[in-house]
Amino acid sequence: MPRSFLLLLGLGLSAPALAQNQPATTPDPLIRRMVEEVSEKNLREDIDKLVSFGTRHTLSDTKSKKRGIGAARRWVEDEFQRYSKASGGRLKVTQDTFTIKPDGRRINRPVLMANVMATLPGTDPTDKRVFIVSGHIDSRVTDVMNATADAPGANDDGSGTVAVMELARVMSKQQFPATIIFVAVQGEEQGLYGSTHLAKRAKAEGWQLVAMLNNDIMGSSQGHDPDLKDDKRLRVFSEGVPATETPEEARVRRTLSSENDSPSRNLARYTRTACQQYVPGHEVVLEYRPDRFLRGGDHTPFNQEGFTAVRFSEMNEDFRHQHQDLRQENGAEYGDYAKYMDFAYLRKNTGVNLATLASLALAPAAPESVGVLTAQLTNRTQLQWEAPKAGERPAGYYVLMRETSAPEWQQKFFVTDTKADLPHSKDNYIFGVVAVDAEGHESLPVLPKPVR
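These remarks concern the structure in this document. (Residues numbered from 1 in each chain as written. Predicted model: local features only at pLDDT ≥ 70, side-chain atom pairs only at ≥ 80, totals over all residues. Heavy atoms only, no water.)

**Structural notes on the overall build of the protein chain**
So, point 1. Looking only at helices and strands, the protein chain features 11 helices and 18 strands.
So, point 2. Taken over the C-alpha trace, the protein chain has a radius of gyration of 22 Å; the compact-globule value for 452 residues is 22 Å, and the two agree within 12%.
So, point 3. Seen along its three principal axes, the alpha-carbon backbone of the protein chain occupies a region of about 70 × 45 × 45 Å.
So, point 4. A buried classification covers 56% of the 452 residues belonging to the protein chain.
So, point 5. A separation threshold of at least 6 residues defines the contact pool for the protein chain, and within that pool the share at least 24 residues apart is 75%.
So, point 6. Looking at the protein chain as shown, the accessible area adds up to about 18900 Å², and 50% of this sits on carbon and sulfur atoms.
So, point 7. Across the protein chain, the 57 positively charged side chains and the 59 negatively charged ones have centroids separated by 2 Å. (Helix = DSSP H or I, 4+ residues; strand = E, 2+ residues; numbered from the N terminus. Rg over C-alpha atoms; globule rule 2.2 N^0.38 Å. Buried < 20%, exposed > 50% of the residue type's maximum accessible area, 1.4 Å probe, protein only. Contact = heavy atoms within 4.5 Å. Areas by Shrake-Rupley, 256 points an atom, 1.4 Å probe, with all protein chains shown as cover. Lys, Arg positive; Asp, Glu negative; His and termini not counted. Charge placed at Lys NZ, Arg CZ, Asp CG, Glu CD.)

**A few points about the environment of Pro263**
So, point 1. Along the polypeptide, Pro263 turns up in helix α9 (residues 263–278).
So, point 2. What Pro263 contacts, discounting residues up to four positions off in sequence, is Pro242 and Thr308.

**Observations concerning the pattern of salt bridges**
So, point 1. The tally for this structure, following the rule as stated, stands at 33 salt bridges.
So, point 2. In this structure, the salt-bridge partner of Glu40 is Arg44, at a minimum N-O distance of 3.8 Å. One end of the pair is Glu40 and the other is Arg44, both in helix α3 (residues 40–51) and 4 residues apart, which spans about a single turn.
So, point 3. A salt bridge links Lys339 to Glu333, with the nearest nitrogen and oxygen atoms 2.9 Å apart.
So, point 4. If you follow the salt bridges from partner to partner, you end up with Asp216, Arg235, Asp291, Arg292, Arg295, Arg311 and Glu317 in one network. (Salt bridge = Lys/Arg side-chain N within 4 Å of Asp/Glu carboxyl O.)

**Concerning the side chain of Gln322**
So, point 1. Within the secondary structure, Gln322 sits in the loop between β9 (309–314) and β10 (327–329).
So, point 2. In this structure the side chain of Gln322 is engaged in a polar contact, spanning 3.0 Å, whose partner is the side chain of Glu317.
So, point 3. Ignoring sequence-local partners within four residues, the contact set of Gln322 consists of Asp156, Ile217, Arg295, Glu317 and Asp336. (Polar contact = N/O pair within 3.5 Å; in protein donor to acceptor, adjacent residues only side chain to side chain.)

**Examining the packing of aromatic side chains**
So, point 1. Summed over all chains, the structure comprises 7 aromatic pairs.
So, point 2. Seen in terms of ring centroids, Phe302 and Phe307 are 6.3 Å apart; in terms of plane orientation they differ by 50°. Their pairing is tilted. Comparing Phe302 with Phe307, the two get one shared label, buried.
So, point 3. The ring of Tyr334 carries Arg327 above its face, with NZ or CZ at 4.1 Å from the centroid. (Phe/Tyr/Trp six-rings, centres within 6.5 Å; stacked < 30°, edge-to-face > 60°. Lys NZ or Arg CZ within 6 Å of the ring centre and 35° of its normal.)

Listed below in structure tokens is the structure:
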């Protein structure tokens, strides 16, 4: 949210008494240090290594030690293992394999695929929350079935893959109460196969997946046209109406006009705040659509399974440097080469991911059963909720508020109780409630449902 107007809601306590209990309002020094540790040099070297495998097409060679998707997967796994050793073995590394049968479109034979995963288990045994950050390791050229031609895939999606690797390197040195999964998924270019497998697995195994961050094409600041250079902004895409919305949920949404307040949209707002706090001079731009126009990405299967997920992408894509055969044409060079990337920009975008993940994983779980009381007609707003049942007990809660026409939260009120009586009409404002710890780490907001 923008720099919010922070108010104290008395609830029978004096403002000075509440102020003494108020959480920290300054950025967490630990998160700041982790963001500063993200290395532009590492990102560049990791991209060069990924490109060196020639092609990472999903249907390419899996046996060679130097070329193809198999060699690339093993290298990422080895790097994760190296980070695990530095973390004292706490980072758990695996290749999650699965077989895809011919689909009549982009898979012409049975293919054994693998998502390369590094899991940092949470330190609190009562906290079952999971957070995922991903990039896709596979690459392609113009013909999506061409598995032999060189396909550097530097920006699409080497950028997301190396960002995930650098996040794992930095964050695995620290402890978080909740679990974080760093994953390079396969098969995005052939049909989102790796992310679909992981989303369905999370659903089937009952993961308490709170948020998924997808990074895809986020390492170049130069757009297709010469005047489209922007190294200070990063787009985040989020669905408005949840894909799994039930008829009853749709009825409530229409009644409350809350189509701009899906969990994924509020995650997007959260990433914007994290950027403001920890990546100075950089900006997350909220894009109110699920993905780029008529397109999709690895967050989409998670949305389709009912999970909260968003996509990060650079501000302006250069289509000469994605999904292209390597060639010179009409005086322009085509191909997804590393030389067209901006590694200082990629470093900042990786920092946005880190700030978001760390803030969420360190925060308490979100409040439960959040409701707005409707038994009486009044110009005030009465809210009530329950404390999270597992994990760290919050130091208190923030009630967020904004005008119905405002895209971002405008005000916040700190309370220590599990209820609030606000002198603001629910006719005119949208409200949310977050749990917060003493260090100021906030959960994702929960919108209240009408209760009598």
